[in-house]
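# Structural description and commentary
Take a look at the letters that make up each chain.
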Amino acid sequence: MRALLNSLSKHLLHHQSWAGYWEPVLQCFKPGWREGYFRAQVKHVQVFAEQCVELIIEPEKSWPVHQAGQHIALTIQTNGRMLTRVFTIAREPQLARQKRQIRLLIRSQEFGAFTSKLINLRPGQWLNISEPKGQFVIPNTARLFNHACRWLRHYAIYSHA
């Protein structure tokens, strides 16, 4: 059925998909909704040292939990255009699951078409994000963290002896 609707939409309505045709109407009720993406609400934006931006967003409940090392495509609307860039998630999966928030640390370019716009984001604003992507994942991050802590404790004790 979906394939039939998409085919009719492509030929009769000049849209790539049936959902794409209805997108402006749906956005009146669900701001930031886009077919194939997840909505996320901006919770916090902080600028560090004029070039780094910390962006904390809360994805909708249906967003799948990421694995350490994965990235997302982040889409913002600026000047009536949708711009998308890919960023690595900077939050441990367990913490992201508990707080239901994603943390992105982004180096901002002063004249960048995308990153320079991030400092203008406000809490409560809606963005679009993709599902977590990428095969470069770090398994057992909790175990790795515990080993690193033990090594640091050992180093601290014996380096001052």
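Up top is the structure these notes are about.
One structure accompanies this document, and this report is about it.

### Points about the packing of aromatic side chains
Each aromatic ring pair is specified by the distance between its two centres and by the angle formed by the two planes. The full count for this structure, using the stated rule, is one aromatic pair. Between Phe 87 and Phe 114, the ring centres sit 5.8 Å apart and the planes meet at 35°, which makes this aromatic pair tilted. Here Phe 114 lies in the loop between β5 (102-107) and β6 (126-129) and Phe 87 lies in strand β4 (residues 81-88), a separation of 27 residues in the sequence. Per residue, the accessibility class of Phe 87 equals that of Phe 114, and both read buried. The ring of Trp 126 carries the charged tip of Arg 39 above its face, separated from the ring centre by 3.8 Å.

### Quick look at the pairing of β5
Burial along β5 is one-sided: the face carrying Ile 102, Leu 104 and Ile 106 is buried and the face carrying Arg 103, Leu 105 and Arg 107 is not. Note: strand β2 (residues 52-59) against β5, six bridges, orientation antiparallel. Looking at β5, one finds that Glu 54 is bridged to Leu 105.

### Points about the layout of surface pockets
Considering only enclosed or pocket space, the largest pocket measures out at about 200 Å³ in volume. In terms of lining residues, the largest pocket is bounded by Val 47, Glu 50, Gln 51, Val 53, Arg 107, Ser 108, Gln 109, Glu 110, Ser 116 and Ile 119. Looking at the lining of the largest pocket residue by residue, the class counts come to three nonpolar, four polar and three charged.

### A short note on the sheet that holds strand β3 (residues 71-78)
With respect to topology, six strands assemble into an open sheet ordered β4-β3-β6-β1-β2-β5, the strand pairing being antiparallel. On the outer flanks of this sheet lie β4 and β5, each paired with one strand and no other. With direction set aside, neighbouring strand axes in the sheet form an average angle of 40°. For strand β1 (residues 38-48) and β6, the ladder comprises four bridges, and the chain directions are antiparallel. Paired with Gln 41 across the bridge in β6 is Trp 126.

### Some points on the pattern of salt bridges
For the structure shown, the criterion picks out three salt bridges. With a closest N to O distance of 4.0 Å, Glu 58 and Lys 43 form a salt bridge. Note that Glu 58 is positioned in strand β2 and Lys 43 in strand β1, a separation of 15 residues in sequence. Classification of Glu 58 by relative accessible area gives partly exposed; the value is 23%. With a shortest N-O distance of 3.4 Å, Arg 100 and Glu 58 are connected by a salt bridge. Placement of the pair is Arg 100 in the loop between α3 (93-99) and β5 and Glu 58 in strand β2, with a sequence separation of 42 residues.

What counts and what doesn't
- Residues numbered from 1 in each chain as written.
- Predicted model: local features only at pLDDT ≥ 70, side-chain atom pairs only at ≥ 80, totals over all residues.
- Heavy atoms only, no water.
- Phe/Tyr/Trp six-rings, centres within 6.5 Å; stacked < 30°, edge-to-face > 60°.
- Helix = DSSP H or I, 4+ residues; strand = E, 2+ residues; numbered from the N terminus.
- Buried < 20%, exposed > 50% of the residue type's maximum accessible area, 1.4 Å probe, protein only.
- Lys NZ or Arg CZ within 6 Å of the ring centre and 35° of its normal.
- Pairing = 2+ DSSP bridges.
- 1 Å grid on protein atoms, 1.4 Å probe; cavity = no way out; pocket = protein on both sides within 12 Å on 5 of 7 lines; lining within 4 Å.
- Points joined across faces, edges and corners; volume = space filled by probe spheres on them.
- Nonpolar A, V, L, I, M, F, W, Y, C, P; charged D, E, K, R; others polar.
- Axes fitted to C-alpha atoms, helices over the stretch in contact; angles between N-to-C directions.
- Salt bridge = Lys/Arg side-chain N within 4 Å of Asp/Glu carboxyl O.

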